[in-house]
Amino acid sequence: NQIYIGVTGYPNPYKRFKVHLNDYNAFKKGTREKGIEKLYESFEQWGYKNHLFVVVEDLGHKNKEVAYERERELIKQQISKGNSLNTIKTKANV
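Just so it is clear, the structure is predicted and the values come from calculations on it, not from any experiment.

Participant: Kindly report on the packing of aromatic side chains, identifying the contributing residues and their values.
Facilitator: According to the stated counting rule, one finds seven aromatic pairs in the structure shown. Relative to Phe53, the ring of Tyr14 has its centre 4.6 Å away and its plane inclined at 55 degrees; by these criteria the two rings are tilted. Here Tyr14, found in helix H1 (residues 13-29), pairs with Phe53, found in the loop between helix H2 (37-46) and helix H3 (64-81); they are 39 residues apart in sequence, far enough to count as distant. Overall, Tyr14 belongs to the partly exposed group, its relative accessible area being 49%. Their ring planes at 55 degrees and their centres at 5.6 Å tell us that Phe17 and Phe53 sit as a pair that is tilted. Taken together, the positions of Phe17 in helix H1 and Phe53 in the loop between H2 and H3 put the pair 36 residues apart, joining distant regions of the chain. Grouping aromatic residues by their ring pairs yields a cluster made of Tyr14, Phe17, Tyr24, Phe27, Tyr40, Phe43 and Phe53.

Right under this line is the structure:
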């Protein structure tokens with residue numbers, strides 16, 4: 001019952017999940033150095049097919065900073081509940 005929160009600029013948000021999956025596979029093969037550690041561990045433990053992808057909120061055409069701020073708020077909420085696969089993003093790693 002862990003949750004990963006992410007914002008995307010992709011018109012089709014399911015494509016973003018596919019990018020995460022491709023990045024995970026590259027990470028496993030050693031062709032990608034960095035990854036989303038907790039999300040990848042969850043893929044390993046449960047298999048990516050056992051992950052549900054849901055659009056929680058559609059921000060429409062908000063600017064990136066508004067979208068990232070909302071993402072941080074949602075991540076903080078899930079961290080406080082103890083069920084987040086995210087870490088808090090800072091301006092340095094956004």
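Participant: Quick rundown of the nonpolar core? Include the residues and the values.
Facilitator: Of all hydrophobic cores here, the largest spans six residues; its members are Leu21, Tyr24, Leu39, Tyr40, Phe43 and Leu85. Of all the secondary structure elements, the ones that give two or more residues to this core are H1 and H2. For this core, the element with the highest residue contribution is H2, accounting for three residues. Not counting the four nearest positions on each side in its chain, Leu39 is found in contact with Tyr4, His20 and Leu85.

Conventions and cut-offs
- Residues numbered from 1 in each chain as written.
- Predicted model: local features only at pLDDT ≥ 70, side-chain atom pairs only at ≥ 80, totals over all residues.
- Heavy atoms only, no water.
- Phe/Tyr/Trp six-rings, centres within 6.5 Å; stacked < 30°, edge-to-face > 60°.
- Helix = DSSP H or I, 4+ residues; strand = E, 2+ residues; numbered from the N terminus.
- Buried < 20%, exposed > 50% of the residue type's maximum accessible area, 1.4 Å probe, protein only.
- Core = buried A, V, L, I, M, F, W, Y, C linked by side-chain atoms within 4.5 Å.
- Contact = heavy atoms within 4.5 Å.

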